[in-house]
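# Survey of secondary and tertiary structure
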Amino acid sequence: MCVFCKIVKGELPAKVVYEDDRVMAFHDINPQAPVHVLVIPKEHIPTVNDLKEEHAELIGHIFLVIKKIAKELGIAESGYRVLVNCNSDGGQEIYHLHFHLLGGKPLGPMVCR
Ligand code: 5GP
Ligand code: ZN
């Protein structure tokens, strides 16, 4: 089972900031900015390449969750970055789809590899 599936199942600890029936969000273990949260579907979808039409509503829901978390963590107005890495050239390390939510300082041209 992958690391993020273990977090979903409660088998690995995480600093959870949001959870519902389909989505979970928790602080990155190695933050690249003052706010660095990972937002994941509970379903094990390895990469963006594995998305299917049936996931369209889930992905929309994830962005609404991101918007809510950004507001709650106080970065909605100052701004933030949302990014997803895919496969090796994208720098993906964990093969369970996740959205990086980064903010809390001017981020510069690139963060998260
Ligand atoms: P990727 O490179 O796959 O887009 O990003 C994976 C992210 O997951 C990295 O930023 C890394 O710090 C984070 N990460 C890896 N293992 C764990 C873990 O066990 N717990 C948490 N909270 N984050 C993790
Ligand atoms: Zn998984």
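Summarised in this report is the structure supplied together with it. (Residues numbered from 1 in each chain as written. Chains lettered and ligands numbered in written order. Predicted model: local features only at pLDDT ≥ 70, side-chain atom pairs only at ≥ 80, totals over all residues. Heavy atoms only, no water.)

Attention now goes to the overall build of the protein. Check the secondary structure of the protein and you find three helices and five strands. Expected size for 113 residues packed as a compact globule is a radius of gyration near 13 Å; at 13 Å, the protein falls within 12% of this value. Out of the 113 residues belonging to the protein, those deemed buried represent 41%. For the protein, contacts bridging at least 24 residues in sequence account for 55% of all contacts bridging at least 6. (Helix = DSSP H or I, 4+ residues; strand = E, 2+ residues; numbered from the N terminus. Rg over C-alpha atoms; globule rule 2.2 N^0.38 Å. Buried < 20%, exposed > 50% of the residue type's maximum accessible area, 1.4 Å probe, protein only. Contact = heavy atoms within 4.5 Å.)

To continue, consider the pairing of strand β5 (residues 99-103). In terms of burial, β5 is largely enclosed, as five of its five residues are buried. Residue alternation in β5 divides its side chains into two sets, Phe-99, Leu-101 and Gly-103 and His-100 and Leu-102, and both sets are buried. Strand direction decides the pairing type here: strand β3 (residues 35-41) and β5, joined by five bridges, are antiparallel. For Val-37, the partnering residue across the bridge sits in β5 and is Leu-101. (Pairing = 2+ DSSP bridges.)

Considering only enclosed or pocket space, the largest pocket measures out at about 450 Å³ in volume. Every residue lining the largest pocket is counted, 23 residues in all, and those nearest its centre are Phe-4, Asp-28, Ile-29, Asn-30 and Leu-38. Elements with a contribution of two residues or more to the lining of the largest pocket: α1 (3-9), β2 (23-27) and β3. A per-element tally of the lining of the largest pocket places α1 first, with three residues. (1 Å grid on protein atoms, 1.4 Å probe; cavity = no way out; pocket = protein on both sides within 12 Å on 5 of 7 lines; lining within 4 Å. Points joined across faces, edges and corners; volume = space filled by probe spheres on them.)

Before going further, it helps to spend a moment on the coordination of the zinc ion (ligand 2). In a perfect tetrahedron of four donors around a metal, the angles come out at 109.5 degrees. In a perfect octahedron of six, they are 90 or 180 degrees. The coordination sphere of the zinc ion (ligand 2), as far as protein atoms go, consists of Cys-2 (SG), Cys-5 (SG), His-44 (ND1) and His-96 (ND1), spread over 2.0 to 2.3 Å. Classification of the site at the zinc ion (ligand 2) as tetrahedral follows from its four donor atoms and the range of 104 to 120° in their angles at the metal. Of note, the zinc ion (ligand 2) draws all its donor residues from one chain, in the sequence arrangement C-x2-C-x38-H-x51-H. With Cys-2 in the segment before α1 and His-44 in the loop between β3 and α2 (56-72), this pair connects stretches of sequence that are 42 residues apart. (Donors = N, O, S within 2.8 Å, 3.2 Å for Na, K, Ca; no water. Tetrahedral: all angles 85-135°; square planar, octahedral: opposite > 155°, others 65-115°.)

The subject of this paragraph is the environment of Asn-85. Assignment of secondary structure puts Asn-85 in the loop between β4 (80-83) and α3 (87-90). Sequence separation of Asn-85 and Phe-4 is 81 residues, and the distance between their C-alpha atoms is 15 Å.

Below, the discussion takes up unusual backbone geometry. Unlike most non-glycine residues, Asn-87 shows phi in positive territory, near 55°. Judged by relative accessible area, Asn-87 falls into the partly exposed class, the value being 31%.

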